[in-house]
Amino acid sequence: MEKFVHSFRQSWLNTAATCPERARRELTDSIPRQETDAAAVGTAVHAGIEEFLKHRCSFRTALEIAEERFAEIEQDPSFVWTKYSHRVAHGLIETFLGHWWGIREQFRPKEVEHKFDMVFHEDNERIIRLNGTIDLIDSRLGLVDWKTSGRGTYDTWEYDRWAVQPTVYSWAMHSGTTGKHPFTYCVM
């Protein structure tokens, strides 16, 4: 008998924890996929950071990569403007990337955009897998995730208390081993 294989992204687990109905609808494809302007800003900033970490480029080049990524997302049929104007979104990309640029020398990258796909559970009927992408594995800071915050203040206590991301990422890095891997949010 062939086993059922269920595969979940770390980000979906967070959705399930905060809104089970939305998570159910995402699994059944009964909710249309949307890429919001705020999420696109974050994705664009990630692209600029990744370009620098992989190629040690200039700020101008990192910003160009970020702007190109935003333009690609903007052309996707699922893209919706929900929060910002075009001018504000592009200003935020430059601002967020600029904030990160000011601390870039603190990082000692071991691996950028580390993908994982691990068996979480297996029995006679099914295999449950967890997968995701860790933004940075740093030799000093451990696992690092980039966050952009449009609301000004960033309530770290909310993430410290409820976020599943640090747990899943740490588990992925240490499955079958002992030890502790630090997790750091880098918030712009």
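Here's a quick rundown of the structure. These figures come from a predicted structure and were not determined experimentally. Throughout, residues of each chain are indexed from 1 in the direction in which the sequence is written. Residues qualify for local features only when their pLDDT is at least 70, as the model is predicted, and side-chain atom pairs are given and counted only at 80 or more; totals for whole chains, interfaces and linings, by contrast, use all residues. Hydrogens are left out, water is left out, and the side-chain values use all remaining heavy atoms of the structure.

### Observations concerning the packing of aromatic side chains
Part 1 of the reasoning: Only rings of Phe, Tyr and Trp enter the pairing, Trp through its six-membered ring, and a pair is recorded when the two centres are within 6.5 Å. The plane angle decides the type: under 30 degrees is stacked, over 60 is edge-to-face, the rest tilted. With the rule as written, the count across this model stands at 14 aromatic pairs.
Part 2 of the reasoning: Between F70 and F79, the aromatic rings sit 6.0 Å apart at their centres with planes inclined by 85°, giving edge-to-face as the arrangement. Each member of the pair, F70 as well as F79, is classed as buried.
Part 3 of the reasoning: Ring geometry for F116 versus Y169: centroids 5.6 Å apart, planes at 80°, classification edge-to-face. Taken together, the residues F116 in strand β4 (residues 109-122) and Y169 in helix α7 (residues 165-174) connect sequence positions 53 residues apart. Each member of the pair, F116 as well as Y169, carries the same accessibility label: buried.
Part 4 of the reasoning: Among the aromatic residues, those joined into a ring-pair cluster are F52, F59, W100, W101, F107 and W146. Remark: exposure states derive from per-residue accessible area (1.4 Å probe, protein chains only) relative to the maximum for the residue type, with buried under 20%, exposed over 50%, and partly exposed in between. Put simply, DSSP marks the helices as runs of H or I at least four residues long and the strands as runs of E at least two long, and each gets a number from the N terminus on.

### Considerations on the pattern of salt bridges
Part 1 of the reasoning: Any Lys or Arg side-chain nitrogen found within 4 Å of a carboxyl oxygen on Asp or Glu counts as a salt bridge. Summed over all chains, the structure comprises 9 salt bridges.
Part 2 of the reasoning: Linking R24 and E21 is a salt bridge whose minimum nitrogen-to-oxygen distance equals 2.7 Å. One end of the pair is R24 and the other is E21, both in helix α2 (residues 20-27) and 3 residues apart, which spans about a single turn.
Part 3 of the reasoning: On the accessibility criterion, E21 (40% relative accessible area) is partly exposed.
Part 4 of the reasoning: D145 is the salt-bridge partner of K147, the closest N and O atoms lying 3.0 Å from each other.
Part 5 of the reasoning: On the basis of relative accessibility, which here comes to 18%, the residue K147 falls in the buried class.

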